[in-house]
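Breakdown of the fold
Below, each chain spelled out in residue letters.
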Protein chains: 2
Amino acid sequence: MRSVYVLAAAQTKFGKMRKTAREAAVIAAKEAIELAGIEADEVEGAFVTNAFGVAERQGHLGPIIMSSLGIPEAPATTVESACASGGSALREAFINVAAGFYDVMLVVGSEKVSHLDTLTATTYFSYGSDYLLEGGNAAGFPGLYAAMATAHMNRYGTTEEQMAFVSVKNHKNAMFNPKAHFHKEVTVEDVLNSMVVTSPLKLFDCCPFSDGAAAAVLCSEEIAKRHTDTPISIIGSGRAGTSGALHDREELTTIASTVLAVRQALKQAHIALEEVNFAEVHDCFTIAEIMAIEDIGFVEKGEGGKATEEGLTDLDGNIPINPSGGLKAKGHPVAATGIGQVVEAFEQLRVEAGKRQIDGAEVALLHNIGATGGSCAVHILRRD
Amino acid sequence: MRSVYVLAAAQTKFGKMRKTAREAAVIAAKEAIELAGIEADEVEGAFVTNAFGVAERQGHLGPIIMSSLGIPEAPATTVESACASGGSALREAFINVAAGFYDVMLVVGSEKVSHLDTLTATTYFSYGSDYLLEGGNAAGFPGLYAAMATAHMNRYGTTEEQMAFVSVKNHKNAMFNPKAHFHKEVTVEDVLNSMVVTSPLKLFDCCPFSDGAAAAVLCSEEIAKRHTDTPISIIGSGRAGTSGALHDREELTTIASTVLAVRQALKQAHIALEEVNFAEVHDCFTIAEIMAIEDIGFVEKGEGGKATEEGLTDLDGNIPINPSGGLKAKGHPVAATGIGQVVEAFEQLRVEAGKRQIDGAEVALLHNIGATGGSCAVHILRRD
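Residues numbered from 1 in each chain as written. Chains lettered and ligands numbered in written order. Predicted model: local features only at pLDDT ≥ 70, side-chain atom pairs only at ≥ 80, totals over all residues. Heavy atoms only, no water.

1. Notes on the overall build of chain A
Filter applied, for reference: Helix and strand assignments come from DSSP, with helices taken as H or I runs of at least 4 residues and strands as E runs of at least 2, each series counted from the N terminus. Here the globule rule is a power law, 2.2 Å times the number of residues to the power 0.38, and the radius of gyration is based on C-alpha atoms. Only protein chains enter the area calculation, which uses a 1.4 Å probe; residues under 20% of their type maximum are buried, those over 50% are exposed, and those in between are partly exposed. Contacts: residue pairs with any heavy atoms within 4.5 Å of one another. Each accessible area is a Shrake-Rupley estimate made with a 1.4 Å probe; only the visible protein chains count as cover when residues are assessed. We treat Lys and Arg as the positive residues and Asp and Glu as the negative residues; His and chain ends play no part in the count. We put the charge of a Lys on NZ, of an Arg on CZ, of an Asp on CG and of a Glu on CD.
When helices and strands are tallied, chain A shows 13 helices and 11 strands. By the compact-globule yardstick of 21 Å for 384 residues, chain A fits well, its C-alpha radius of gyration being 19 Å. For chain A, the C-alpha atoms occupy an extent of roughly 55 × 45 × 40 Å along the three principal directions. Counting every position in chain A, which comprises 384 residues, the buried fraction comes to 67%. Put simply, 77% of the contacts in chain A that link residues at least 6 apart link residues at least 24 apart. Carbon together with sulfur atoms contributes 49% to the accessible area of chain A, which is approximately 12600 Å² in total. Separation between the mean location of the 31 positive side-chain charges and that of the 48 negative ones in chain A comes to 3 Å.

2. A few points about helix α4 (residues 118-126) of chain A
Residue and element names in this part refer to chain A. Short version of the rule: Here a polar contact is recorded for every N or O atom pair within 3.5 Å, except that within protein the pair must consist of a potential hydrogen donor and a potential acceptor, and residues adjacent in sequence are included only if both atoms are side-chain atoms.
Along α4, the residues that are buried comprise Ala121, Tyr124, Phe125 and Ser126. Buried residues along α4 sit against α5 (141-156) and α13 (334-349). The N-cap residue of α4 is Asp117: its side-chain oxygen and the backbone nitrogen of Leu119 are 3.2 Å apart.

3. Quick notes on the pattern of salt bridges
Residue and element names in this part refer to chain A. Basically, it comes down to this: When a carboxyl oxygen of Asp or Glu is within 4 Å of a side-chain nitrogen of Lys or Arg, the pair counts as a salt bridge.
Going through the model one piece at a time under the given rule, you end up with 36 salt bridges over all chains. Residues Lys169 and Glu289 are paired through a salt bridge, measuring 2.8 Å at the closest nitrogen-oxygen approach. Placement of Lys169 in helix α6 (residues 160-174) and of Glu289 in helix α10 (residues 286-296) is noted, with a sequence separation of 120 residues between them. Side by side, Lys169 and Glu289 carry an identical accessibility label, which is buried. We note a salt bridge from Arg356 to Glu344, for which the minimum N-O separation is 2.8 Å. Within this pair, whereas Arg356 is found in the loop between α13 and β10 (363-370), its partner Glu344 is found in helix α13, the two being separated by 12 residues in sequence. Just as Arg356 is buried, Glu344 falls in that class too. Linked through salt bridges whose partners overlap, the residues forming this network are Glu160, Lys202 and Asp205.

4. Looking at the interface of chain B and chain A
Which entries qualify depends on this criterion: Once two parts are put together, the accessible area they lose, assessed with a 1.4 Å probe and summed over both, is termed the buried area.
Contact residues are listed per partner, giving 52 residues for chain B and 52 residues for chain A. Interface area for chain B against chain A, summed over the two sides, is near 4000 Å², with a carbon-plus-sulfur share of 55%. Taken as a group, Arg57, His60 and Phe101 of chain B account for 18% of the area that chain B buries against chain A, more than any other trio of residues on that side. For the pair chain B and chain A, the interface holds 2 salt bridges.

5. Some points on the environment of Ile287 of chain A
Residue and element names in this part refer to chain A. Relative to the helices and strands, Ile287 resides in helix α10. In this structure Ile287 comes out as buried when scored by relative accessible area, which is 0%. A sequence separation of 50 residues divides Ile287 from Thr337, and the C-alpha atoms of the two residues are 18 Å apart. In contact with Ile287, other than residues within four places in its own chain, are Tyr145, Met148, Ala149, His152, Met163 and Leu201.

6. Concerning the environment of Asp229 of chain A
Along the chain, the position of Asp229 of chain A falls in the loop between α8 (221-227) and β8 (232-241). Sequence separation between Asp229 of chain A and Asp384 of chain A is 155 residues; the distance between their C-alpha atoms is 9.4 Å.

7. A short note on a nonpolar patch on the surface
Residue and element names in this part refer to chain A. Here is the rule we go by: Patch construction takes residues with relative accessible area above 30% that form no salt bridge. Like charges are linked within 9 Å, and nonpolar side chains (Val, Leu, Ile, Met, Phe, Trp, Tyr) are linked within 5 Å.
A cluster of nonpolar residues, Met195, Val197 and Leu203, forms a patch on the protein surface that exposes about 260 Å² of accessible area. Along the polypeptide, Val197 turns up in strand β5 (residues 196-198). Here Val197 falls in the partly exposed class, since its relative accessible area comes to 34%.

8. Looking at unusual backbone geometry
Residues and elements named next belong to chain A. Residue Ser199 is joined to Pro200 through a cis peptide bond whose omega torsion reads 10°. Mapped onto the secondary structure, Pro200 falls in the loop between β5 and β6 (201-202). A positive phi angle is found at Asn322, which is not glycine, with a value near 55°. Note that Asn322 resides in the loop between α11 (304-309) and α12 (326-329). Note on Asn322: relative accessible area 0%, which makes it buried. Even without glycine at this site, Val351 takes up a positive phi of about 60°. Locating Val351 in the fold gives a position in the loop between α13 and β10. The exposure class of Val351 is exposed, given its relative accessible area of 55%.

9. Things to note about the packing of aromatic side chains
Threshold: Stacked, tilted and edge-to-face pairs are distinguished by plane angle, under 30 degrees for stacked and over 60 for edge-to-face with tilted covering the rest, among Phe, Tyr and Trp rings (Trp via its six-membered ring) whose centres lie within 6.5 Å.
For the structure shown, the criterion picks out 12 aromatic pairs over all chains. Judged by centre distance (5.5 Å) and plane angle (85°), the ring pair of Tyr127 of chain B and Tyr131 of chain B falls under edge-to-face. Across the pair, exposure class does not vary: Tyr127 of chain B and Tyr131 of chain B are buried alike. By the ring-pair criterion, three or more aromatic residues cluster together here, those being Phe52, Phe125 and Phe209 of chain A.

10. Quick notes on the relation of the copies chain B and chain A
The criterion, for reference: Here the copies were fitted onto each other by least squares, based on C-alpha atoms from residues at pLDDT of at least 70 in both.
Superposition record for chain B on chain A: RMSD 0.0 Å, screw rotation 180°, translation along axis 0.0 Å. Between the two chains, the operation in question is that of a two-fold axis.

11. Things to note about the pairing of strand β7 (residues 212-220) of chain B
All names here are of chain B. For clarity, the cut-off: Between any two strands, pairing holds if DSSP finds at least two bridges.
Among the 9 residues that make up β7, 9 are buried, leaving the element largely enclosed by the rest of the structure. Direction of pairing for strand β1 (residues 4-11) relative to β7: antiparallel, over a ladder of 7 bridges. Directly across from Tyr5, in β7, lies its bridge partner Cys219. As paired elements, strand β4 (residues 104-111) and β7 share 8 bridges and run antiparallel to each other. From the neighbouring strand, Glu111 faces β7, where its bridge partner is Gly212.

12. Quick notes on the packing of helix α1 (residues 21-36) of chain B against helix α2 (residues 61-68) of chain B
Residues and elements named next belong to chain B. The following threshold applies: Only the stretch in contact is used when fitting a helix axis, every axis being a line fitted to C-alpha atoms; angles between N-to-C directions are given from 0 to 180 degrees. Each angle gets one of four labels, with under 35 degrees taken as roughly parallel, over 145 as roughly antiparallel, 65 to 115 as roughly perpendicular, and the rest as oblique. Each crossing gets its handedness from the near helix: less than a right angle anticlockwise from the far helix is left-handed, clockwise is right-handed. Polar here means any residue other than Ala, Val, Leu, Ile, Met, Phe, Trp, Tyr, Cys and Pro, which are nonpolar, and Asp, Glu, Lys and Arg, which are charged; Gly is therefore polar.
The contact between α1 and α2 brings their axes to 10 Å, and the two run at 55°. One element, α1, and the other, α2, form an angle in the oblique class. Crossing geometry of α1 relative to α2 is assigned as right-handed. Seen from α1, the contacting residues are Arg22, Ala25, Val26 and Lys30; seen from α2, they are Leu61, Ile64, Ile65 and Ser68. Class assignment for the residues of the contact of α1 with α2 results in 5 nonpolar, 1 polar and 2 charged.

13. Observations regarding the environment of Ala138 of chain B
Counting through the fold element by element, Ala138 of chain B comes out in the loop between α4 (118-126) and α5 (141-156). Overall, the relative accessible area of 73% leaves Ala138 of chain B in the exposed class.

14. A look at the pairing of β10 of chain A
Residues and elements named next belong to chain A. For β10, the tally of buried residues reaches 8 of 8 residues, placing the bulk of the element in the interior. Here β10 shows no split at all, with Val363, Leu365, His367 and Ile369 on one side and Ala364, Leu366, Asn368 and Gly370 on the other all buried. Where β10 and strand β11 (residues 375-383) come together, 8 bridges link them in antiparallel fashion. In the sheet register, Ile369 faces β11, and the bridge partner there is Cys376. Counting the residues in the hairpin turn of β10 and β11 gives 4 residues, including Ala371, whose phi is positive at 60°.

Right under this line is the structure:
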């Protein structure tokens, strides 16, 4: 297996945009290609992801993007794993380059949903659940995560205040991220007093519907060394699943696919978790970040809420989580999210993250979840 | 790169079915796993494809199928490349096994569209085109292929009769395929007199909307040798694109992605095209088969119609094409099609194809096109 490098990563501003998903994808891709210092025709293939093509009546987005980039012959395969679409696409590009099938690959994720009314958007999102058993029975994602939150509160004493601290932190981090959806700090009281979506989750416990695109250029070692003095390598990739529907699980307070994918990624990276300096994790709801930092192993099971409240995961804490602002405040343009995490890692590891720069950031862990965990992709990046 | 084997391949009957896509996928997957002589929990990961999830409001199908198979931890990534979804999924599984990431992978494609009215189904299909420029402007696939047919007729003198011969042959082959959508022979006159869909294409020039599922188990050499005395290996894989929209092309009578993907697959297989004994090609419309056999190189450009009329591609011809009945008569459950081609190759190469068995079938070429060629996947399989 060859070493694989991230030569560049770029994204549009997340939030509401007037562009289509295809336009945004091309903008992010062009910016990543330019930042990589290569010509578009050096890109040999791509993985493209756009979970809500139905929102613009466009499937098979790959060839359209490649045509717009002027490289129609380069194959572009679309990957979808609900909200883990970006991480899944990243993994397949990683494997293709690692295996020697391509020397330079593009990964691009894009989403446009803000033109939909909330009910339609929520319905499309619920296609990512087990629709027959969940989404089609009015169990949308807020409800499913509310069930997990309730279980976590009952079992470990996690409080609504502790969940609110996740939101407060991520909104604070996003203040320093010019590409974030929200630039607005919130207090614990703001979160607790916001509209109840599905108890115990309030509006500010939930990530937004965002538009946006992100792209990354992956390459072989030879090409990376030719183009940069600061090579960022992907040293570990993990990918696992768990039951599609929540009711099939023995335990609601953990997401098994996170545990498995992290274990795989660390093993491949030949590092211990303690060597990770920060992480971007999948905080689609505040409870999701709490479960993620527990399942990854940054804190003991059940201690995630307390650790967050105590500042362990702050930008200057022991293990900063979601320096970008996370899904909660940077935003969640579904298929772009996992690739947006690469943008954050790329900037942090190259010490280009400005006011949100983490001191001594050399190893990053990226955690991307699809639905309630049916898909999980974890990647570990390092500045060589 | 490791050698990759097809340990088993199975499919449901193509045609109208009362099952959902998820049910059909599980049936095909279970049959393939059983035929492989392995236990489900030996499957380490999967690529799943279902181009028209919107028809049943289900995205993120992978974890649902894995849950139904009792292996929820095994990751399942969804791939979509319009009508080349099956071939694209096959390629990624091939690469994952070749690279050593997994020893046993499942590939499964499934589709259910027969519950939709024709207009809705046609609209969903057109999402696979460049919808902004084509599908959304009433240029559906029959129209786009009619443009290609007209160009081919004008440039090479291809006739409607010659196109009809493709349909006649494929319907004849399907008579011997118990899993085919249609078991009904047609004559040249039947084709010529059938309803005009988009001139010059008549109804019997067009493949049907089909439901159905197909699955294959791919594995490493070590596992293949442990389970079978008749190992079928994937010796070549090619994947290329061409412009998403037809109007961007300099030439309508050729599909550039076919030419490129075939070249890649042959190079990887280290064989000459003359060593291929038969092919399953993407005959979504009769003109598509004619263009495919030219672009692959079985006949000179412009000679595809004549060669078909003269019987070159018959079951007992020099180069049998679509012994299964092809998309035209075996049927075209979109994402299942490319994996259904593996089923045909598997049965032919193991000399288990019954009345449609091709004498001396040792090397098969599989050709799967997405939309009007924006995606193309080509695989070469051999009995070792």
